[in-house]
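# Chains, contacts and geometry: an overview
Listed here are the chains, written in short residue letters.
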Amino acid sequence: AQTVTQSQPEMSVQEAETVTLSCTYDTSESDYYLFWYKQPPSRQMILVIRQEAYKQQNATENRFSVNFQKAAKSFSLKISDSQLGDAAMYFCAYGLYGNKLVFGAGTILRVKS
Amino acid sequence: EAGVTQFPSHSVIEKGQTVTLRCDPISGHDNLYWYRRVMGKEIKFLLHFVKESKQDESGMPNNRFLAERTGGTYSTLKVQPAELEDSGVYFCASSQLRGWPDTQYFGPGTRLTVL
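Below, the structure is looked at part by part. (Residues numbered from 1 in each chain as written. Chains lettered and ligands numbered in written order. Predicted model: local features only at pLDDT ≥ 70, side-chain atom pairs only at ≥ 80, totals over all residues. Heavy atoms only, no water.)

Here the focus is the side chain of B:Asn31. Residue and element names in this part refer to chain B. Mapped onto the elements, Asn-31 comes out in strand 4 (residues 31-37). Residue Asn-31 is classed as buried on the basis of its relative accessible area of 3%. Side chain to side chain, Asn-31 and His-48 meet in a polar contact 2.9 Å long. (Helix = DSSP H or I, 4+ residues; strand = E, 2+ residues; numbered from the N terminus. Buried < 20%, exposed > 50% of the residue type's maximum accessible area, 1.4 Å probe, protein only. Polar contact = N/O pair within 3.5 Å; in protein donor to acceptor, adjacent residues only side chain to side chain.)

Residue and element names in this part refer to chain A. According to the stated counting rule, one finds 17 aromatic pairs over all chains in the structure shown. A ring pair is formed by Tyr-37 and Phe-103, whose centres lie 6.1 Å apart and whose planes are at 50°; its orientation type is tilted. Of the two residues, Tyr-37 sits in strand 5 (residues 33-39) while Phe-103 sits in strand 11 (residues 101-103), which places them 66 residues apart along the sequence. Of the two residues examined, Tyr-37 and Phe-103, each falls in the buried class. (Phe/Tyr/Trp six-rings, centres within 6.5 Å; stacked < 30°, edge-to-face > 60°.)

All names here are of chain A. The full count for this structure, using the stated rule, is two disulfides over all chains. Paired by a disulfide, Cys-23 and Cys-92 hold their sulfur atoms 2.0 Å apart. Between Cys-23 and Cys-92 the disulfide shows an S-S torsion of about -70°. By sign, it is left-handed. Of this pair, Cys-23 sits in the loop between strand 3 (19-21) and strand 4 (24-26) while Cys-92 is found in strand 10 (residues 88-95), placing the two residues 69 residues apart along the sequence. The class for Cys-23 is buried, based on a relative accessible area of 2%. (Disulfide = S-S within 2.5 Å.)

Of note, the bond from B:Phe7 into B:Pro8 is cis; its omega dihedral lies within 30 degrees of zero at -5°. By secondary structure assignment, the location of B:Pro8 is in the loop between strand 1 (5-7) and strand 2 (10-13). Not every positive phi belongs to a glycine, and A:Ala16 is a case in point at roughly 80°. Within the secondary structure, A:Ala16 sits in the loop between strand 2 (10-14) and strand 3. One non-glycine residue, A:Asn62, adopts positive backbone phi at about 55°.

The partner chain A presents 22 residues to the 26 residues of chain B that form the contact. In this assembly, chain B packs against chain A so that about 2000 Å² is buried in total across both faces, 53% of it on carbon and sulfur atoms. Where chain B packs against chain A, one counts zero salt bridges. Counting every contact that joins chain B to chain A gives six residue pairs in polar contact (both at pLDDT 80 or more). Only strand 4, strand 5 (43-50), strand 9 (88-95) and strand 11 (110-114) of chain B provide two or more residues apiece to the side of chain B that touches chain A. In the side of chain B that touches chain A, the residues fall into 10 nonpolar, 10 polar and six charged. (Contact = heavy atoms within 4.5 Å. Buried area = accessible area lost by both parts, 1.4 Å probe. Salt bridge = Lys/Arg side-chain N within 4 Å of Asp/Glu carboxyl O. Nonpolar A, V, L, I, M, F, W, Y, C, P; charged D, E, K, R; others polar.)

This is the structure we're talking about:
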């Protein structure tokens, strides 16, 4: 069975600095998708970034980028120039096309001003 | 375009009572998923509809949970009778069938408290 592990229950970052959230996963599949979702205190879960496993290039979305290491089954999220609005619970998720997502336990990110 | 909506946002019920949660997916999304997050734990999959058919219900905890999606539009998730361990946040998500990219869009969740 696929599993997703987020080993950091909480992280803190100073405003304008960079923080990296860790995620590892386990699967025997070769073609899959990885996601980072953000859930601010208002509770609406928002997609931050996605990565297709067949792509070697790491995905980037403005200040958000990933370090995807397929052989190591690692998928970390880097947030550059952190802003107060980045404070949220971040979930790493794994999925196959058209299938359910498997989530990690989440990492609470606190941003200090 | 309206996002995924869920109703109610909060529900507080007594053990043994019945509660029905509703999810309205994004218009045109044939895939509809239910997930649940029990306090402090992972978000867990419950079931997956493709249009009105149950594609995967492997995550449904027991027969006290009944999900429907009549007509392939909105979905309901009924818990009857509710138990204390059913408390948590229930999320609904939708995605396009054979869409690209295959991204699930989540609703705000329903926080269920069973006393």
